[in-house]
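# Working through the structure, step by step
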Amino acid sequence: MIRIFVFAGFILMAACGYQLKQPYELHPALGKTHLALSLTSPLYQPLATALTNQGIVLVKPEAAEAVLVIGQNHLVKEIQSIGVNNRVQEYRLVYQLDFRVLLGDDVVMDSNTLQLSKDYAFDIGQITGAQTEERLLREQLYEDMAQMIIRTLANQKLKPVDSKSM
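Calculation rules
- Residues numbered from 1 in each chain as written.
- Predicted model: local features only at pLDDT ≥ 70, side-chain atom pairs only at ≥ 80, totals over all residues.
- Heavy atoms only, no water.
- Salt bridge = Lys/Arg side-chain N within 4 Å of Asp/Glu carboxyl O.
- Helix = DSSP H or I, 4+ residues; strand = E, 2+ residues; numbered from the N terminus.
- Buried < 20%, exposed > 50% of the residue type's maximum accessible area, 1.4 Å probe, protein only.
- Pairing = 2+ DSSP bridges.
- Contact = heavy atoms within 4.5 Å.
- Axes fitted to C-alpha atoms, helices over the stretch in contact; angles between N-to-C directions.
- Phe/Tyr/Trp six-rings, centres within 6.5 Å; stacked < 30°, edge-to-face > 60°.
- Lys NZ or Arg CZ within 6 Å of the ring centre and 35° of its normal.
- Patch = residues over 30% accessible without salt bridge, like charges linked within 9 Å, V, L, I, M, F, W, Y side chains within 5 Å.
- Areas by Shrake-Rupley, 256 points an atom, 1.4 Å probe, with all protein chains shown as cover.
- Right-handed = clockwise from strand over helix to strand, strands pointing away.
- Core = buried A, V, L, I, M, F, W, Y, C linked by side-chain atoms within 4.5 Å.

## Some thoughts on the pattern of salt bridges
Enumeration according to the criterion identifies five salt bridges in this entry. The salt bridge involving Glu134 is made with Arg138; its shortest N-O contact spans 2.9 Å. One end of the pair, Glu134, and the other, Arg138, are both in helix 3 (residues 127–155), four residues apart, so they sit about a helical turn from each other. With a relative accessible area of 26%, Arg138 lands in the partly exposed category.

## Considering helix 2 (residues 44–53)
When helix 2 is considered as a whole, its buried residues turn out to be Tyr44, Pro46, Leu47, Ala48, Ala50 and Leu51. Looking one or two residues past helix 2, Gly55 carries a phi angle of roughly 90°, positive in sign.

## Quick look at the sheet that holds strand 3 (residues 66–82)
Sheet architecture is open: five strands sit in the order 2-1-3-4-5, paired in mixed fashion. This sheet does not close on itself; its edge strands, each paired only once, are strand 2 (57–58) and strand 5 (106–121). Here strand 1 (residues 32–36) pairs with strand 2 via two bridges, running parallel. Each residue of the ladder has a partner; that of Thr33, found in strand 2, is Leu58. The strands that helix 2 touches are strand 1, strand 2 and strand 3; relative to strand 1, the one it contacts most, it runs at about 170°.

## Observations regarding the packing of aromatic side chains
Scanning all chains against the criterion turns up two aromatic pairs. On the basis of an interplanar angle of 80° and a centroid distance of 5.2 Å, the ring pair of Tyr95 and Tyr142 is categorised as edge-to-face. Of the two residues, Tyr95 is situated in strand 4 (residues 88–103) and Tyr142 in helix 3; the sequence distance between them amounts to 47 residues. Of the two residues, Tyr95 and Tyr142, both sit in the buried class. Taking the ring centre of Tyr91 as reference, the NZ or CZ of Lys77 above it sits at 4.4 Å.

## Re unusual backbone geometry
At Asn86, a residue that is not glycine, the phi angle is positive and equals roughly 60°. Its location among the elements puts Asn86 in the loop between strand 3 and strand 4.

## Digging into a nonpolar patch on the surface
Taken together, the side chains of Met1, Ile4 and Phe5 present a nonpolar region at the surface, about 400 Å² in accessible area. In this structure Ile4 comes out as exposed when scored by relative accessible area, which is 54%.

## Describing the pairing of strand 1
Since strand 1 and strand 2 lie parallel, the crossover through helix 2 that links them has a hand, and here it is right-handed. Here strand 1 runs beside strand 3; their pairing, made up of four bridges, is parallel. Considered in strand 3, the bridge of Leu35 is made with Leu68.

## Examining the nonpolar core
Core analysis: the biggest nonpolar cluster contains 41 residues, and Leu43 and Ile149 have the highest contact counts within it. Each residue touching Ile149, except ones within four places of it in the same chain, is listed here: Leu43, Leu47, Leu68, Ile70, Leu97, Phe99 and Leu114.

## A closer look at the environment of Pro61
Among the secondary structure elements, Pro61 is positioned in the loop between strand 2 and strand 3. In the structure, Pro61 is positioned 25 residues away from Ala36 in sequence and 8.4 Å away in space, judged by C-alpha atoms.

Structural measurements only, silent on function.
The following block contains the structure:
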C-alpha cells in the first residue's frame with residue numbers, strides 16, 4: 001500500500017512539471033576561466049563554487065580563455081533606523097561590486113555594477129545573537145551575489161572579439 005502512495009507521489013510530481021534546477025547556458029568562451037579575485041575574499045569560495053556548478057573550469061591566468069575580473073567589491077553596514085532612546089534599532093548591509101569579462105586583452109563584457117542589501121533588527125540586549133545574525137546575513141549576501149553574477153553572465157551577450165587585434 002505504501003509503495004502505491006510513493007509511486008503515485010512520483011507520478012504527481014512528474015505530471016506537475018517539477019524539475020530540478022538546471023545550469024544556465026553560459027557562453028562557450030567561459031569554459032576555462034580565471035577568476036581575478038583574491039583567494040582571501042569572502043566572495044571567492046561562493047563564486048568559485050557557483051562557476052564550477054555551471055560547468056566552468058577555473059584555471060590559472062596563463063591557461064585561461066576568459067578572465068572574470070571583480071573590480072570594486074565592498075560591503076558596508078549602514079544605520080537604517082534609530083529609536084526614541086537614540087539607539088540603533090536596525091542596520092542595513094549593502095553589498096556592491098562591479099565585474100567585467102576579458103578574452104585575452106579584449107573586454108567582451110563591459111563593467112556591470114550589482115548591488116544587494118539586507119536589513120536586520122539590532123538589540124543591544126541580545127548582542128551575541130545580533131552578531132551571529134549579521135555574520136549569517138553577510139554569508140548569504142556573498143552567496144546571493146555569486147548567483148547574481150552567474151545570472152548576469154547568462155543573460156548578457158559577450159561582445160565579439162575584434163579579429164584585427166589578434
